[in-house]
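# A closer look at the structure
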Amino acid sequence: MAAHLSSGRVNLTALREAGRRELREFLDKCAGSKAIVWDEYLTGPFGLIAQYSLLKEHEVEKMFTLKPGRLPTADVKNIIFFVRPRLELMDIITENILSEDRGRSPQRDFHILFVPRRSLLCEQWLKDQGVLGSFIHKEQYSLDLIPFDGDLLSMESESAFKECYLESDQTSLYHAAKGLMTLQALYGTIPQIFGKGECARHVANMMIRMKREFPGSQNSIFPVFDTLLLLDRNVDLLTPLATQLTYEGLIDEIYGIQNTYVKLPPEKFAPKKQGEGGKDLPTEPKKLQLNSAEELYAEIRDKNFNAVGSVLSKKAKVISAAFEERHHAKTVGEIKQFVSQLPHMQAARSSLANHTSIAELIKDITTSEDFFDNLTVEQEFMSGIDTDKVNNYVEDCIAQKHPLIKILRLVCLQSVCNSGLKQKVLDHYKREIIQTYGYEHILTLNNLEKAGLLKSQTSGRNNYPTIRKTLRLWMDDVNEQNPNDISYVYSGYAPLSVRLAQLLARPGWRSIEEVLKMLPGPHFEERQQLPTGLQKKRQHGENRVTLVFFLGGVTYAEIAALRFLSQMEDGGTEYIIATTKLINGTSWIKSLMEKLEPAPF
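Residue positions are given per chain, counting from 1 as you read along its sequence in written order. Owing to the predicted nature of the model, reporting of local features is limited to residues with pLDDT of at least 70; listing and counting of side-chain atom pairs is limited to 80 or more, with chain, interface and lining totals taken over all residues. Side-chain numbers come from the whole structure's heavy atoms, not from hydrogens or water.

This brings us to empty space enclosed by the protein. Both site types are read off a 1 Å grid over the protein atoms alone. A 1.4 Å probe that fits but cannot get out defines a cavity, while an open set with protein on both sides within 12 Å along at least five of seven lines defines a pocket; lining residues have an atom within 4 Å of a point. Grid points are joined across faces, edges and corners, and a volume is the space filled by probe spheres set on the points. Under the defined criterion, the tally for this structure stands at two cavities of 30 Å³ or more. Estimates place the volume of the largest cavity at around 50 Å³. If you trace the largest cavity, you find it lined by Phe148, Asp149, Leu152, Glu248, Ile257, Thr260, Leu290, Asn291, Arg301 and Tyr556. Only Asp, Glu, Lys and Arg are considered charged, only Ala, Val, Leu, Ile, Met, Phe, Trp, Tyr, Cys and Pro nonpolar, and every remaining residue, Gly among them, polar. Within the lining of the largest cavity, the residues separate by chemical class into five nonpolar, two polar and three charged. Each domain's limits were defined by an automated method or a database of domain assignments. Taken together, domain 2 (144-239 + 495-600) and domain 3 (247-271 + 283-367) each give at least three residues to the lining of the largest cavity, which thus spans both. Estimates place the volume of the second largest cavity at around 30 Å³.

As structure tokens, this is what we get:
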């Protein structure tokens with residue numbers, strides 16, 4: 001099941017195992033039959049740690065979603081609430097418990113598991129409502145870093161960026177530091193830490209302090225990671241705003257990937273039967289899991305979408321040739337060999353059919369005029385064309401009332417590519433947006449300003465061209481089919497965050513000292529002492545392993561760019577990626593939007 005977690009340089013199955021062990025220990029404390037009441041947001045992340053079969057082995061008989069009113073009937077001894085520490089959820093739990101029939105026999109035992117940490121505020125709230133005493137076990141389950149793939153970990157903390165940059169709440173940074181301490185306990189102390197940004201500095205400080213406070217945490221495991229690079233999302237605000245152009249990036253942009261699953265329109269996946277003329281089309285969305293356990297997906301996920309078609313057609317030829325082999329099988333041995341390969345061939349054929357359908361769905365969108373116009377404007381901004389004046393295309397989109405998020409992404413992109421907009425231009429955009437979409441969005445615009453995504457140019461100086469040239473962020477001659485540079489993931493733009501990781505590995509950040517000063521937040525380096533005998537002696541030709549931790553979110557295009565660097569012949573470094581959340585421009589902007597209800601009159 002988890003073979004894809006152990007296929008890379010770092011075996012992440014150990015991390016998943018540690019999570020499963022902690023879960024089993026908690027379930028065994030609540031003796032007898034159990035029902036779990038889930039905070040809906042947690043079901044996806046938990047699914048990556050433990051399937052229903054594991055819960056079933058520990059007497060979990062029923063599962064419900066947490067919602068107001070009475071709890072559903074279940075003939076079980078224990079009811080366990082799995083929840084995030086949020087006050088609005090405590091209100092629902094209070095209602096569930098107070099509406100419990102006290103006269104029923106036998107009485108059910110209640111337990112609560114806070115994920116990822118217990119909260120005094122929530123416990124006080126439950127106490128004030130008079131229900132805290134109903135819980136026998138009140139515990140926490142530290143679901144900090146969840147393995148998504150062989151080289152990818154995420155905390156799936158949906159509001160981390162907003163908390164850090166708008167609310168100055170460092171809770172998610174504490175969880176990031178805790179997650180890194182867990183990683184070091186399993187995979188050895190990371191000798192070198194580099195970082196850029198305020199949040200990166202905080203996380204590094206917390207790690208150093210935790211290590212000091214728990215001297216016993218100094219472990220004697222040979223270090224798997226050579227370097228940790230902590231990067232603040234606000235060091236590179238540009239990358240998530242641009243439309244990702246890798247296969248996986250576009251699936252996420254268009255349909256949204258949640259905890260490795262995507263839901264797709266069912267029409268394309270209906271089995272075509274002869275002579276039925278498409279009656280009884282399925283209405284349920286087609287749900288597919290996307291990770292490197294699927295051979296074909298692992299091959300095409302990080303390619304530029306324009307290079308995917310040729311791979312799919314080659315695969316189709318190979319598969320049909322393999323099926324043709326059956327006509328040549330004459331002897332019993334040959335037939336037996338063909339039959340033994342059949343399950344693998346059928347899986348490959350069904351995988352090919354699925355990805356051909358997905359590619360067709362995406363192509364319908366990427367070949368549309370609207371997609372092309374939007375991309376053209378994005379690329380003009382990123383290459384520094386006309387970033388300092390009101391853009392006609394953006395004005396037209398506002399006038400035609402295109403989706404607000406699309407407008408906000410473009411205006412923020414223009415602002416970032418111009419180190420802020422002239423006051424006159426900024427005011428014009430804000431006025432147009434509020435008049436067209438409603439004054440209730442004034443708070444959202446305010447949030448975007450606070451986060452630095454939308455701002456007026458204060459110093460009167462635009463640093464972006466210098467940053468773009470020094471870091472080679474725009475490449476005119478990009479090769480999408482056989483890329484030779486990370487800029488292929490956006491067909492021309494090289495993600496700034498990944499360029500920083502690439503330059504850190506070779507030739508080192510000293511070469512870009514001036515540009516680093518132009519980017520927000522401090523840059524730093526820390527060394528962690530290793531016990532004698534654990535210093536790494538690198539074998540000839542052995543690659544370094546760097547963990548890149550994005551604080552505030554990472555996109556699939558950035559992940560693809562880091563994987564590209566890992567696979568480079570002379571790269572010398574392999575990357576493992578960790579983040580607070582997997583994001584795209586839409587989900588990121590959405591997390592910063594305020595829902596202010598318009599007045600009822």
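Structure's up, so let's keep going.
A word on the environment of aspartate 226. What counts as a helix is a DSSP run of H or I of at least four residues, what counts as a strand is a run of E of at least two, and both are numbered from the N terminus. Its place among the elements puts aspartate 226 in the loop between helix H8 (198-213) and strand S9 (227-232). Note on exposure labels: buried denotes an accessible area under 20% of the residue type's maximum, exposed denotes more than 50%, and partly exposed covers the range between, all computed with a 1.4 Å probe on protein chains only. The exposure class of aspartate 226 is buried, given its relative accessible area of 5%. Taking the C-alpha atoms as reference, aspartate 226 lies 46 Å from histidine 441; in sequence the two are 215 residues apart. Here a polar contact is taken to be a pair of N or O atoms separated by no more than 3.5 Å, where protein atoms must pair a possible hydrogen donor with a possible acceptor and residues adjacent in sequence count only if both atoms sit in side chains. A polar atom in the side chain of aspartate 226 sits 2.6 Å from the backbone nitrogen of valine 545.

In this structure, Phe82, Leu230, Leu500 and Phe549 are the most contacted members of the largest nonpolar core, which totals 165 residues. Broken down by element, this core gets its largest block of residues, nine residues, from helix H16 (residues 404-416). Residue contacts are defined here by distance: any two heavy atoms, one from each residue, within 4.5 Å place the two residues in contact. Those residues in contact with leucine 500 that lie beyond four places of it in its chain are Leu231, Val235, Leu471, Trp509, Ile512, Leu516 and Leu519. Buried Ala, Val, Leu, Ile, Met, Phe, Trp, Tyr and Cys residues that are joined via side-chain atoms within 4.5 Å together make up what is termed a nonpolar core. Ranked by size, the runner-up nonpolar core spans 23 residues in total, among them Leu71, Val83, Ile112 and Leu126.

Let us now look at H16. Helix span, as expected, comes to 1.5 Å for every residue beyond the first. The first and last C-alpha atoms of H16 sit 18 Å apart over 13 residues, in line with the 18 Å expected at 1.5 Å per residue. A large share of H16 lies buried, amounting to 13 of its 13 residues.

Criterion for a disulfide: a pair of cysteine sulfur atoms at a distance within 2.5 Å. Counted under the stated rule, the structure contains zero disulfides. Left without a disulfide partner, cysteine 30 is nearest to the cysteine sulfur of cysteine 122, which lies 19 Å away. Residue cysteine 30 is classed as buried on the basis of its relative accessible area of 1%. The thiol sulfur of cysteine 412 is not disulfide-bonded, and the nearest other cysteine sulfur, from cysteine 417, lies at 11 Å.

Should a side-chain nitrogen of Lys or Arg be within 4 Å of a carboxyl oxygen of Asp or Glu, the pair is scored as a salt bridge. Taken as a whole and judged by the stated rule, the model has 33 salt bridges. Measuring nitrogen to oxygen at the nearest pair gives 3.0 Å for the salt bridge that ties arginine 301 to glutamate 248. With arginine 301 in the loop between helix H11 (295-300) and helix H12 (308-324) and glutamate 248 in helix H10 (residues 247-255), this residue pair connects regions lying 53 residues apart in the sequence. A salt bridge links glutamate 449 to lysine 430, with the nearest nitrogen and oxygen atoms 2.5 Å apart. Taken as a pair, glutamate 449 in helix H18 (residues 442-450) and lysine 430 in helix H17 (residues 423-437) lie far apart in primary sequence, 19 residues in all. Through salt bridges with shared partners, one network takes in Asp149, Asp151, Glu248, Arg301, Asp302 and Arg563.

With that out of the way, let us pick up unusual backbone geometry. Here the amide bond leading from valine 115 into proline 116 is cis, since omega sits at 0°, within 30 degrees of zero. Along the chain, proline 116 falls in the loop between strand S4 (109-114) and helix H5 (120-128). The step from arginine 506 to proline 507 runs through a cis peptide bond, and the omega angle for that step is 5°. For proline 507, the position within the fold is in the loop between helix H20 (496-505) and helix H21 (513-518). Despite not being glycine, glutamate 156 shows a phi value in the positive range, around 50°. Taking relative accessible area as the criterion, glutamate 156 reaches 6% and is therefore assigned buried.

Another aspect to go through is the sheet that holds strand S15 (residues 573-579). Think of it this way: DSSP has to see at least two bridges between two strands before they count as a pair. If you trace the seven strands from one edge of the open sheet to the other, you get S6-S7-S15-S14-S9-S8-S13, paired in mixed fashion. Lying at the two open borders of the sheet, with one neighbouring strand each, are strand S6 (146-149) and strand S13 (523-527). Shown here is a sheet whose adjacent strand axes are inclined to one another by a mean of 20°, direction ignored. Here S9 runs beside strand S14 (residues 544-551); their pairing, made up of six bridges, is parallel. Residue pairing for S14: leucine 231 is matched across the bridge by phenylalanine 550. In this analysis, axes come from line fits to C-alpha atoms, helices being fitted only over the stretch in contact, and the angle between any two N-to-C directions falls in the range 0 to 180 degrees. The sheet strands contacting helix H22 (residues 556-567) are S6, strand S7 (152-154), S14 and S15, and the helix crosses S15 at an angle near 160°.

Let's shift gears to the pairing of strand S1 (residues 34-38). For S1, the buried fraction is high: five of the five residues fall into the buried class. Neither face of S1 is exposed, since Lys34, Ile36 and Trp38 on one face and Ala35 and Val37 on the opposite face are all buried. For S1 and strand S3 (residues 78-83), the ladder comprises five bridges, and the chain directions are parallel. Looking across to S3, one finds that tryptophan 38 is bridged to phenylalanine 82. In the sheet, S1 pairs with strand S2 (residues 60-65) via five bridges, with the strands oriented parallel. When the sheet's bridge partners are listed, tryptophan 38 is paired in S2 with threonine 65.

Looking now at the domain arrangement of the protein. Domain annotation of the protein identifies domain 1 (3-143), domain 2 (144-239 + 495-600), domain 3 (247-271 + 283-367) and domain 4 (384-462). Opposite the 20 residues of domain 1 that make contact, domain 2 presents 28 residues. Measuring nitrogen to oxygen at the nearest pair gives 3.7 Å for the salt bridge that ties arginine 86 to glutamate 158. If you look at where domain 1 meets domain 2, you find 10 residue pairs in polar contact (both at pLDDT 80 or more). Of all the secondary structure elements, the ones that give two or more residues to the side of domain 1 that touches domain 2 are helix H1 (13-29) and helix H2 (40-49). By residue class, the composition of the side of domain 1 that touches domain 2 is 12 nonpolar, three polar and five charged.

Looking now at the packing of aromatic side chains. Two rings from Phe, Tyr or Trp (for Trp, the six-membered ring) form a pair when their centres sit within 6.5 Å of each other. Planes less than 30 degrees apart are called stacked, planes more than 60 degrees apart edge-to-face, and all others tilted. For the coordinates displayed, the defined rule picks out 15 aromatic pairs. When the ring of phenylalanine 46 is compared with that of tyrosine 141, the centres are 5.2 Å apart and the planes differ by 25°; the resulting orientation is stacked. Taken as a pair, phenylalanine 46 in helix H2 and tyrosine 141 in the loop between strand S5 (135-140) and S6 lie far apart in primary sequence, 95 residues in all. The pair phenylalanine 46 / tyrosine 141 is uniform in exposure class, with both members buried. With a centroid separation of 5.2 Å and 70° between ring planes, the pair formed by phenylalanine 161 and tryptophan 588 is classed as edge-to-face. Taken together, the positions of phenylalanine 161 in helix H6 (residues 160-165) and tryptophan 588 in helix H23 (residues 585-591) put the pair 427 residues apart, joining distant regions of the chain. Residues phenylalanine 161 and tryptophan 588 agree in their burial class; the two are buried. By the ring-pair criterion, three or more aromatic residues cluster together here, those being Phe26, Trp38, Phe46, Phe82 and Tyr141. For arginine 201, the ring lying beneath its charged end belongs to phenylalanine 524, and the centroid distance is 4.1 Å. Two limits define a charge over a ring: the Lys NZ or Arg CZ must be within 6 Å of the ring centre, and within 35 degrees of the ring normal.

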